[in-house]
Amino acid sequence: MRKKQHLYFFKNIKCKAKRAFFSEREIRTMFSIIFLSLLILISKVNASDLQIYFDLIDSNFDGRISNDEIIGYFSKFYEGQLTTAQANQIIGKYRGNSTNDFLTISNFCGFEKLLFSIYQPEQVHLSFTHNIQTEMFISFVTRHRPSADHRPVIKYGQQELIAIGNTTTYDIDNWKSWVHFIYIKNLDENTKYNYQLGFIDPDNKTISHLFSDPSWAFQTMPSNDQEEIVYIYGDMGTMMPYGFEVMKAMIDDMKSSENQRANYVVHVGDLAYAGTGDHLESQTIWDLFVNQIEPIASQIPYMTAVGNHEKYYNYTSYRTRFFMPSKTNPTEFERDENFYFSLETNLIQWIFMSTEHNYTAGSRQRIFLENLLEQYKQKWQGKERPWLILVGHRPMYSSDKATDSGRLQQEIEPLVINYGVDLAVWGHMHCYERTTPVQYNNFTDREHFSADGKIYEHDAKEFNQTSPIHLVVGFGGAWIDETWSDKPQWSQVRNQRYGFGKLFVHNKTHLEFRSTVLNKEHDDDEDQFTIIRHF
């Protein structure tokens, strides 16, 4: 007999061994059935996150989501009032070719991540530290860990270097998983690193659990003025209603745009929408969301501003799951972790502020803002002249009737104008809107703004001789049902379509922004504009 053609199967150990023989084809069939059964079992175990989320909506637990249940879900958890037509629109979006007037859990295939080990990393995401050329921060979640003495480890690069991190968790909503985080230092600039994640034994030598994924790779930033490309949006959420769809569109864009691949993401607040509208927060929704962004966040840094939907339990989930520079290696004035921080790239001086925390005169955040802007002023005078972009959640300018800007115009706009902010990016309102150059509610610098509103070209010689343009990019997937006020002169473009933005900072003189929407119907559904600076 040729061994490769046969498998011995002992049918009964109490009698003489009887051998049953199987052909190669039968063996392949058996292993295929076993493998598929294993996948189904793993999928069912891991689909618990999705099932829990589904059950939040499926109030009568019949395995079907009706339009009434969607209406009830939004009313209870997000304090939103949907009409029957709007609920039917959501059902129509997800049911595919079916004619059912309800959804089942099978309509949401692709949300769960298959886990083949209880120690397998999920929710992998990167973030920048203050040293973008030579450092990277990475975090991931596991449902279990080998022991309290095992530490998370990353093995990276052709030399298979390792970095060892730490582990934390928190107790909200009976969440039993672990957050692992690793600070990676001494990297080479402008270099791609493939990596693996796992756990190192207490001897700090033996790596007994190591996991790979073909997509796990990151690239450090160059030190020259190479073009920067940034995904930028806010207010995403997961499968209810369209956050997952927007993320799929971004993943497709990333795959098809190899020559214009984004370097990092800026999410301007309201990430997972795990809060229920009252005082409770679902960790299952957090898990779904971070797995949803993993295909991108495991490859490029995912930088976040804080929004009002991160507020639950004193922002514990957000503060524990995400790692911004103000937490990983804070500067002198970055005292409140993850809430406000600076990010200096080769071409951009980013300022991430928190519209959810005190920013009035004398507050910690205000002191941070004033000191950072003074440093920017010195850079401009020293002819460095990076682009100055401010990021926050609640918008300073929006013509949405429900806009809630607090005291931003009174407290922060004078700083924005006096220090020459080029672009201010906000979310919170579930729409897209772009202003003209604007100061104190007035359309300014008209002579430098093109008639079609697509080019702002100026020759400012001092940092405070320009007017900022404001963007509201809260169109990342959270329910859109806004009501516009009469259009002010400073409102150039506005629409209510789901999508994401892409910022192209070509060099120190040319900055371009493009919006991408789902299911584009008209040319003006998407926006594009350019700022040109002549020094």
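Attention here is on the structure that accompanies the text. Computed from a predicted model, the values in this text were never measured in an experiment.

The rules we used
Residues numbered from 1 in each chain as written. Predicted model: local features only at pLDDT ≥ 70, side-chain atom pairs only at ≥ 80, totals over all residues. Heavy atoms only, no water. Helix = DSSP H or I, 4+ residues; strand = E, 2+ residues; numbered from the N terminus. Contact = heavy atoms within 4.5 Å. Areas by Shrake-Rupley, 256 points an atom, 1.4 Å probe, with all protein chains shown as cover. Salt bridge = Lys/Arg side-chain N within 4 Å of Asp/Glu carboxyl O. Buried < 20%, exposed > 50% of the residue type's maximum accessible area, 1.4 Å probe, protein only. Phe/Tyr/Trp six-rings, centres within 6.5 Å; stacked < 30°, edge-to-face > 60°. Lys NZ or Arg CZ within 6 Å of the ring centre and 35° of its normal. Pairing = 2+ DSSP bridges. Axes fitted to C-alpha atoms, helices over the stretch in contact; angles between N-to-C directions. Parallel < 35°, antiparallel > 145°, perpendicular 65-115°, else oblique. Nonpolar A, V, L, I, M, F, W, Y, C, P; charged D, E, K, R; others polar. Polar contact = N/O pair within 3.5 Å; in protein donor to acceptor, adjacent residues only side chain to side chain. Left-handed = near helix turned anticlockwise from the far one by under 90°. Core = buried A, V, L, I, M, F, W, Y, C linked by side-chain atoms within 4.5 Å.

1. A few points about the overall build of the protein
Thought 1: Assigned secondary structure in the protein consists of 11 helices and 25 strands.
Thought 2: Sequence separation of 24 or more characterises 69% of the internal contacts of the protein that already satisfy a separation of 6 or more.
Thought 3: Accessible area for the protein stands at about 23,500 Å²; split by element, carbon and sulfur atoms hold 48% of it.

2. Observations concerning the pattern of salt bridges
Thought 1: For the coordinates displayed, the defined rule picks out 18 salt bridges.
Thought 2: Among the salt bridges present, the one from K248 reaches E245, with a minimum N-O distance of 3.5 Å. Of this pair, K248 and E245 are both found in helix α5 (residues 243-256), three residues apart, which corresponds to roughly one turn of the helix.
Thought 3: The exposure class of K248 is partly exposed, given its relative accessible area of 36%.
Thought 4: Under the relative-accessibility criterion, E245 is labelled buried at 16%.

3. Concerning the packing of aromatic side chains
Thought 1: Under the counting rule described, the total for this entry stands at 33 aromatic pairs.
Thought 2: Here the aromatic rings of F128 and Y264 are separated by 5.3 Å at their centres, their planes lie at 70 degrees, and the arrangement is edge-to-face. Of this pair, F128 sits in the loop between β1 (122-127) and β2 (136-142) while Y264 is found in strand β11 (residues 264-267), placing the two residues 136 residues apart along the sequence. For the residue pair F128 and Y264, the accessibility class agrees, reading buried in each case.
Thought 3: The residue whose ring lies beneath R385 is W380, and the NZ or CZ to ring-centre distance is 5.1 Å.

4. Brief notes about the sheet that holds strand β16 (residues 423-426)
Thought 1: Taken in spatial order, the seven strands make up an open sheet running β13-β14-β15-β16-β21-β17-β22, and their pairing is mixed. The sheet terminates laterally at β13 (341-344) and β22 (491-495), the two strands that pair on one side only. Averaged over all adjacent pairs, the angle separating strand axes in this sheet is 15 degrees, with direction ignored.
Thought 2: Pairing of strand β14 (residues 348-352) with strand β15 (residues 387-391) involves five bridges; the strand directions are parallel. The residue of β15 that forms the bridge with F352 is V391.

5. Here's the deal with the packing of helix α3 (residues 67-77) against helix α4 (residues 84-94)
Thought 1: The contact between α3 and α4 brings their axes to 9 Å, and the two run at 105 degrees. Taken together, the axis directions place α3 and α4 in an arrangement best described as roughly perpendicular. Judged by residue contacts, N67, I70, I71 and F74 of α3 engage T84, A87, N88, I90 and I91 from α4.
Thought 2: Partitioning the contact of α3 with α4 into residue classes produces six nonpolar, three polar and no charged.

6. Quick word on the pairing of strand β21 (residues 469-473)
Thought 1: By the criterion of burial, β21 is predominantly enclosed, with five of the five residues buried.
Thought 2: Here β21 shows a buried face lined by I469, L471 and V473 and a second buried face lined by H470 and V472.
Thought 3: In the sheet, β16 pairs with β21 via four bridges, with the strands oriented parallel. If you follow V425 over to β21, its bridge partner there is L471.
Thought 4: As paired elements, strand β17 (residues 432-435) and β21 share three bridges and run antiparallel to each other. Within the sheet, the bridge partner assigned to E433 lies in β21 and is V472.

7. Examining the environment of P301
Thought 1: Checked against the element boundaries, P301 lands in the loop between α6 (283-297) and β12 (302-304).
Thought 2: As a C-alpha pair, P301 and V265 span 36 residues in sequence and 6.2 Å in three-dimensional space.
Thought 3: Residue contacts for P301: discarding those within four places in its chain leaves L126, S127, F128, M136, N263, Y264 and V265.

8. Observations concerning the environment of Q439
Thought 1: Along the polypeptide, Q439 turns up in strand β18 (residues 438-439).
Thought 2: Along the sequence, Q439 and V416 sit 23 residues apart, while their C-alpha atoms lie 9.1 Å from each other.
Thought 3: If we ignore the near neighbours within four places in the chain, the residues touching Q439 are Y397, E413, I417, T444, T466, S467 and P468.
Thought 4: Within the local environment of Q439, its side chain forms a polar contact with the side chain of S467, the two groups lying 2.9 Å apart.

9. Section: the side chain of T129
Thought 1: Tracing the backbone shows T129 in the loop between β1 and β2.
Thought 2: There is a polar contact of 3.0 Å between the side chain of T129 and the backbone nitrogen of N131.
Thought 3: There is a polar contact of 2.7 Å between the side chain of T129 and the side chain of E135.

10. A few points about the packing of helix α2 (residues 48-57) against α6
Thought 1: Interaxial distance between α2 and α6 falls to 9 Å at its minimum, and their mutual angle equals 125 degrees. Judged by the angle between their axes, α2 and α6 are oblique. Helix-helix and strand crossings are classified by hand; for α2 and α6 the assignment is left-handed. Contacts between α2 and α6 pair D49, L50, I52, Y53 and L56 from the former with T284, I285, D287 and L288 from the latter.
Thought 2: For the contact of α2 with α6, the residue count by class is six nonpolar, one polar and two charged.

11. Regarding the sheet that holds strand β5 (residues 166-168)
Thought 1: What the four strands build is an open sheet, ordered β1-β2-β6-β5; its pairing is antiparallel. In this open sheet, the two strands that pair with only one neighbour each are β1 and β5. Between one strand axis and the next, the sheet turns by 20 degrees as a mean value, whatever way the strands run.
Thought 2: Judged from the three bridges that link them, β5 and strand β6 (residues 178-184) form a sheet pairing that is antiparallel. Of the residues in β6, the one forming a bridge with T168 is V179.

12. Quick word on the nonpolar core
Thought 1: One finds I154, I184, Y231, Y233, F322, W350 and I412 to be the most contacted residues of the largest nonpolar core, which totals 136 residues.
Thought 2: It is α6 that contributes the most residues to this core, eight residues altogether.
Thought 3: Residues in contact with F322, not counting those within four places in the same chain, are H125, L271, W286, F289, V290, I293, Y302, T304, K327 and N338.
Thought 4: Ranked by size, the runner-up nonpolar core spans seven residues in total, among them V141, Y170, W175 and F323.

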